[in-house]
Amino acid sequence: VTTVPQVAVVTDSTADFATAAPADLGLTVVPLTVNWGKDVLRDGVDIAARELYARLRHDPNIPHTAAPPLGIFEDLYHDLLQRHDFILSIHISSLLSATSSVAMTAARNVDAERVQVLDSTTTSVGLGWLVELAAELAAGGASAEAIRAEIEGLIPRLRLYLTLDTLEYLRRGGRIGRAQAFVGGLLNVKPILQLAEGAVIPVERVRARPPSLRRLAEIAGDVSAARSVAIVHGDCPDDAAVLRGQLIGADHRVPIVETGAILATHTGPGLLGVGWIVGS
Amino acid sequence: VTETSSSATSTPDAVPFAAKLLDALAASATWLERHTEAINALNVFPVPDGDTGLNLSLTLRAGVDGARTVSRETGAAVLDAAARGALMGARGNSGVILAQLLRGVARAAAGRDEIDGPLAAELLQAGADAAYDAVAEPVEGTMLTVARAAAHGAADRAQQEGVLLDVLEAAHEGAQAAVRKTPEQLAILRQAGVVDAGGEGLRVILQGLCLHLRGESMAGPAQPPAQRADLSAYQHEADAFGFCTEVLFAPARGANDGLEALRGRVASLGTSVLVVGDEELVKIHVHTMNPTGALALAAELGEIVRAKVENMRIQFEEFQAAAAAEARVREPGTSLVAIALGEGFQQIFAGLDADVVAGGQSMNPAVGDIVAAIQRCRYNHVLVLPNNRNVILAAEQAAAAVTDRSVRVVPTASMPQGIAAALAVSPAGEAEANHGAAERAARRVHTIELTRAVRPSSIDDMPVETGSWIAIVDGRTIAGPPALPGLIGQALRALPDQSYELATIYVGQDGTDAEAASLGALIGSGVGAPVEIQPGGQPHYAYIISLE
């Protein structure tokens, strides 16, 4: 006999999952969209990362990512409230996407009491870990307040460091923020970036790919102390495997996750990152 | 009842109003689509990602598509379906606001079949209200401001018994004026030299409606951008702010025609007009370019009790300076000053966010120039990269001369070391950590400088003829064969390590790209690393080679 959890957990397609599939976790994932020329493509539905990389190679148009439409959130919330008492909708950092803000508007329009929107201040595997925990707690019958408290306690312990193989996509996407000047210039620079307090923050610059991988491993330190660790990549599984080999305290069980089309739109192929949850 | 609504029902061949409304919305969507790129180019707020035009176009088109799918018996039904469609298709901040605006319009139109001038004004007000309600923290100088201005323009015209087209044109004029003013309201727009993208989008939508009602075709090429956001220019121009002027006066008997009449006269002087008081004492407040006009007016009407005139431009500049100083304190970080010789090197350092001072080998920079560069820096911590052994002393003297920030010298002995140090610095990082990272990065780089002997000499007891190649490895001149290929092999063997991850050849004034390429092949196979060739433009050394 299965019981319907009191709380439904919603996230968006920028969440990358290190272990379980979102459907198995009982999560609802709302796709962001990629607007490309005349096409409006839903992440993970109409376009996968693999198709995006292929199209980037020949399509001269620049893809733009967009938050899910307001109506999608409203319909979903209405629908979930038929079967659940509360909704916890946990989304990509509001400094990187309007998704949280659209979800908040939808929550106000539908039922501000019963729909809570949480700006995760992260994305990718960081967001994946948060919603995975939320879904587990919800399945165990936890209240919305209890889940929210757990999630908010976990956020400060998330770490995510990234490097890119090319800066072209980040530059033209406009979401580079403070890293803008950091990666300018004439040299073929590989930046090390950190996702912290919701924003992409420059950490340092390295002049070739192999040392950029080594720097990521150095920054991560001994990961055997971490509560969870994962490697995330965009179209570079070989580099991801090299990085896993360089991580101290890591073995073949450290998951390697390929990110979705939204992050890939902004980074292009060659995104490589390591994320972990600081152990208690 | 206005002309438009009465004629629409009385004309025998009249198309149903609902169908006309749908056509108008569709035309406006087409008009907006022609302006998509022009609006995208303005986009700086809240995220400068250049897609406001696209988001608005997609949202409005989704609304039109939605309206096509329902039975179109009344205008309200069309608006309702359009609002629902826009809601479903709403994209981006601006799209969400547009969808909410349409929803407000549709709700206020409930139960109405036709739309006349006064109702249009009401609907625009309802739309603006809904748009404000939709935003948790409304910001002025945005689409919201423009929506409200359009509603106000429409309301004014509707009061004068304007027909639908008149009212919409007044709404458009109100929107246009509000769009022009957005840079005054939002600093980011002023800095980027643009008007607000979302507000401009709303203006274009209203314009499309007006043009369609006037019978004009929407067909045509895309509108090229009139303005493009400049995100690098964060300089405020000296706006004409005028003077904040306040006069307290006691009106003479018989001279007081009432405050309302006085407000009218003060309003002709400027803006932010306030007139308060009674028969015995009146206070005027106005922002004006002409403070003496306000004083003269008060003197004409009675006896001045007290007056105050403040130059708002100076106030504004002080406010800005204070804000900038505060920002500097709030946002600590590390800036770089690099001493570099050669155009290529100078551009590379500038591209790495360093303030560049010209100088280097046999061209020592003045200490004062380094001090001036340190004082230009944005952050409270500064690292100076001398990039030459002979410049380190001058850099240290300059660092000691600056007392209002913490300045440290990273003793880089070559420009490649300086580049490595600059790359290791994180602008937002802590000063101590940055200094350590820069020193470590500089130490990891080895430098080979190649030049020709300008006179006969000897190195390690080996004679060197004029014109022979000489290699300087990490500051030490080595003896070797006079030709480049043999010499570079010798130089590589003099390095402490035999394998590297990256080699870079900086081509100087006396070097050639072709020679650099053949050097690159030798070095690449010698140390097993990829080789980059960069223009350095330095004098004295035909090639500077870095290995890291």
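Everything discussed here concerns the structure shown above.
Residues numbered from 1 in each chain as written. Chains lettered and ligands numbered in written order. Predicted model: local features only at pLDDT ≥ 70, side-chain atom pairs only at ≥ 80, totals over all residues. Heavy atoms only, no water.

Engineer: Is there a simple way to explain the nonpolar core in this structure?
Structural biologist: Side chains of a nonpolar character, in soluble globular proteins, are inclined to be buried together. Core analysis: the biggest nonpolar cluster contains 91 residues, and Y77 and I87 of chain A together with L79, L98 and I115 of chain B have the highest contact counts within it. For this core, the element with the most residues is helix 2 (residues 17-34) of chain B, which contributes 11 residues. In contact with L98 of chain B, not counting residues within four places along its chain, are L56, T59, L60, M143, L202 and I205 of chain B. The next biggest cluster of nonpolar side chains, apart from the first, holds 40 residues, and it includes V9, L118, L127 and A135 of chain A. (Core = buried A, V, L, I, M, F, W, Y, C linked by side-chain atoms within 4.5 Å. Buried < 20%, exposed > 50% of the residue type's maximum accessible area, 1.4 Å probe, protein only. Helix = DSSP H or I, 4+ residues; strand = E, 2+ residues; numbered from the N terminus. Contact = heavy atoms within 4.5 Å.)

Engineer: Sorry if this is basic, but what is going on with the packing of aromatic side chains here?
Structural biologist: Aromatic rings in a pair are described by how distant their centres are and how their planes are angled relative to each other. Residue and element names in this part refer to chain A. Overall, the coordinates contain four aromatic pairs over all chains when judged by the stated rule. Ring plane angle 40° and centroid distance 5.7 Å describe the contact between F73 and Y77, whose orientation is recorded as tilted. Note that F73 and Y77 are positioned in helix 2 (residues 70-83) at a spacing of four residues, about one turn of the helix. Classification of F73 by relative accessible area gives buried; the value is 0%. Assessed through its relative accessible area of 0%, Y77 is described here as buried. Seen in terms of ring centroids, Y161 and W276 are 5.7 Å apart; in terms of plane orientation they differ by 15°. Their pairing is stacked. With Y161 in strand 8 (residues 158-163) and W276 in strand 13 (residues 271-277), this pair connects stretches of sequence that are 115 residues apart. Pair check on accessibility: Y161 and W276 agree, each one buried. R55 extends its terminal NZ or CZ atom over the ring of W36, reaching a point 4.2 Å from the ring centre. (Phe/Tyr/Trp six-rings, centres within 6.5 Å; stacked < 30°, edge-to-face > 60°. Lys NZ or Arg CZ within 6 Å of the ring centre and 35° of its normal.)

Engineer: Sorry if this is basic, but what is going on with the packing of helix 4 (residues 124-139) of chain A against helix 5 (residues 144-154) of chain A here?
Structural biologist: Geometrically, a packed helix pair is captured by the angle between its two axes and the distance between the axes. All names here are of chain A. Two elements in contact, helix 4 and helix 5, have axes whose closest approach is 10 Å; the angle formed by their N-to-C orientations is 155°. Put simply, helix 4 runs roughly antiparallel to helix 5. For the crossing formed where helix 4 meets helix 5, the hand is right-handed. Two secondary-structure elements touch here, helix 4 through L130, L133, A134, L137 and A138 and helix 5 through I147, E150, I151 and L154. For the contact of helix 4 with helix 5, a count of residues per class yields eight nonpolar, no polar and one charged. (Axes fitted to C-alpha atoms, helices over the stretch in contact; angles between N-to-C directions. Parallel < 35°, antiparallel > 145°, perpendicular 65-115°, else oblique. Left-handed = near helix turned anticlockwise from the far one by under 90°. Nonpolar A, V, L, I, M, F, W, Y, C, P; charged D, E, K, R; others polar.)

Engineer: I tried to follow the sheet that holds strand 12 (residues 256-258) of chain A on my own but got confused; where do I start?
Structural biologist: Pairing between sheet strands relies on hydrogen bonds along the backbone, with the strands arranged either parallel or antiparallel. All names here are of chain A. Strand order in the open sheet formed by six strands is 10-9-8-13-11-12, and the pairing between neighbours is mixed. Edge positions in the sheet fall to strand 10 (199-206) and strand 12, since each has one partner strand and no second. Strand after strand, the sheet turns through a mean of 25° between neighbouring axes, direction not considered. In terms of strand pairing, strand 11 (residues 228-234) meets strand 12 through three bridges, oriented parallel. Looking at the pairing, I231 lines up with I256 of strand 12. Across the face of the sheet, helix 4 comes into contact with strand 8, strand 11, strand 12 and strand 13 while running at roughly 135° to strand 11. (Pairing = 2+ DSSP bridges.)

Geometric descriptors of this kind do not, in isolation, establish any biological role.
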